[in-house]
Amino acid sequence: MSAPAKTKYFFKANNDVLSFCACEDEPAMSSGQLDCPWCGCGWMIGCTKCSKSFIFAEVRETDLSLIDIARRDAERRGLTTVTEVEFVEWAEGMRETLENFAVGDVVVYLDGCYFSVDCTDITFDGYYARHDLPRLPHVDALADPPLLARILGDKQYWFDRELPHRDRD
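Residues numbered from 1 in each chain as written. Predicted model: local features only at pLDDT ≥ 70, side-chain atom pairs only at ≥ 80, totals over all residues. Heavy atoms only, no water.

Novice: Got a sec to walk through the overall build of the protein chain? Specific residues and values, please.
Specialist: The helix and strand inventory of the protein chain stands at five helices and eight strands. Each helix and strand of the protein chain, ordered N terminal to C terminal, gives the series β-β-β-β-α-α-β-β-β-β-α-α-α. Scaling as 2.2 N^0.38, a compact globule of 169 residues should have a C-alpha radius of gyration of about 15 Å, and the protein chain matches this with 16 Å. When the backbone C-alpha atoms are referred to their principal axes, the protein chain occupies close to 55 × 35 × 25 Å. Residues counted as buried form 42% of the 169 residues belonging to the protein chain. At a minimum sequence separation of 6, the contacts of the protein chain that also span at least 24 residues come to 61%. Put simply, the protein chain shows about 9,300 Å² of open surface, and 50% of that area lies on carbon and sulfur atoms. Computed over 18 positive and 30 negative side-chain charges, the separation of the two mean positions in the protein chain equals 5 Å. (Helix = DSSP H or I, 4+ residues; strand = E, 2+ residues; numbered from the N terminus. Rg over C-alpha atoms; globule rule 2.2 N^0.38 Å. Buried < 20%, exposed > 50% of the residue type's maximum accessible area, 1.4 Å probe, protein only. Contact = heavy atoms within 4.5 Å. Areas by Shrake-Rupley, 256 points an atom, 1.4 Å probe, with all protein chains shown as cover. Lys, Arg positive; Asp, Glu negative; His and termini not counted. Charge placed at Lys NZ, Arg CZ, Asp CG, Glu CD.)

Next comes the structure, spelled out in structure tokens:
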């Protein structure tokens, strides 16, 4: 009998730059980005165990299925009305996202997208804003940790790039 198939998923890679999570070997939360991405929800990754955030995630193999990870994530967030169809849709979307990465890749999150840390010349429309970056601020912050909060933690960065279809309160 063969071993069950492994699933690729995001796990905390390290505590570099900024990490409030002390957990080890716990899957990351899916994006929980709100309309205040400068708070960290637009550029940090949450832990499914403690719900605290970190910057760098590593793609690893796990025995957990994407559906199991989705259920764990929803339970941790206190979401009680998520349907089985929604779990399946989330798992399919995450499977598509993970196809872009190999096991061992280190990634960061920015405004709805995951990027390999070696990405350069990043131009995209995120959930909230249009971004045009020569390098990821997360990576530049390895040499200057406060830089990440100065850039992505600054409301003005987001307001200056806010997508025109967004309604600001």
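Novice: Describe the pairing of strand S7 (residues 120-125), listing the residues and the values that go with them.
Specialist: Working note: regular strand, side chains alternate between the two faces of the sheet. By the bridge criterion, five bridges tie S7 to strand S8 (residues 130-135) in an arrangement that is antiparallel. Bridge pairing in S8 links Asp125 to Arg130. Between S7 and the antiparallel strand that follows it, S8, lie four residues. (Pairing = 2+ DSSP bridges.)

Novice: Please give an account of helix H2 (residues 84-98) that cites residues and values.
Specialist: With 15 residues, H2 should reach 21 Å at 1.5 Å per residue; the first-to-last C-alpha distance of 21 Å fits that figure. What H2 keeps buried is the set Phe87, Ala91, Met94 and Leu98. Viewed end-on, H2 has its buried residues packed into an arc of 70°, placing them on one side of the element. The outward face of H2, more than 90 degrees from its buried face, is lined by the exposed residues Val85 and Glu89. The inward-facing, buried residues of H2 abut strand S1 (7-12), helix H1 (66-77) and strand S6 (113-116). (Expected span 1.5 Å × (residues − 1). Arc of directions from axis to C-beta.)

Novice: Can you tell me about the packing of aromatic side chains, naming the residues and giving the values?
Specialist: Evaluation of the coordinates by the stated rule reveals eleven aromatic pairs. On the basis of an interplanar angle of 45° and a centroid distance of 5.8 Å, the ring pair of Tyr9 and Phe10 is categorised as tilted. With respect to burial, Tyr9 and Phe10 carry one shared label: buried. Aromatic side chains Tyr9 and Trp90 sit 6.2 Å apart centroid to centroid with 55° between the ring planes, which places their arrangement in the tilted category. You can see Tyr9 sitting in strand S1 and its partner Trp90 sitting in helix H2, a full 81 residues away along the chain. Linked through ring pairs, Tyr9, Phe10, Phe11, Trp90, Phe101, Tyr109 and Tyr114 together constitute an aromatic cluster. (Phe/Tyr/Trp six-rings, centres within 6.5 Å; stacked < 30°, edge-to-face > 60°.)

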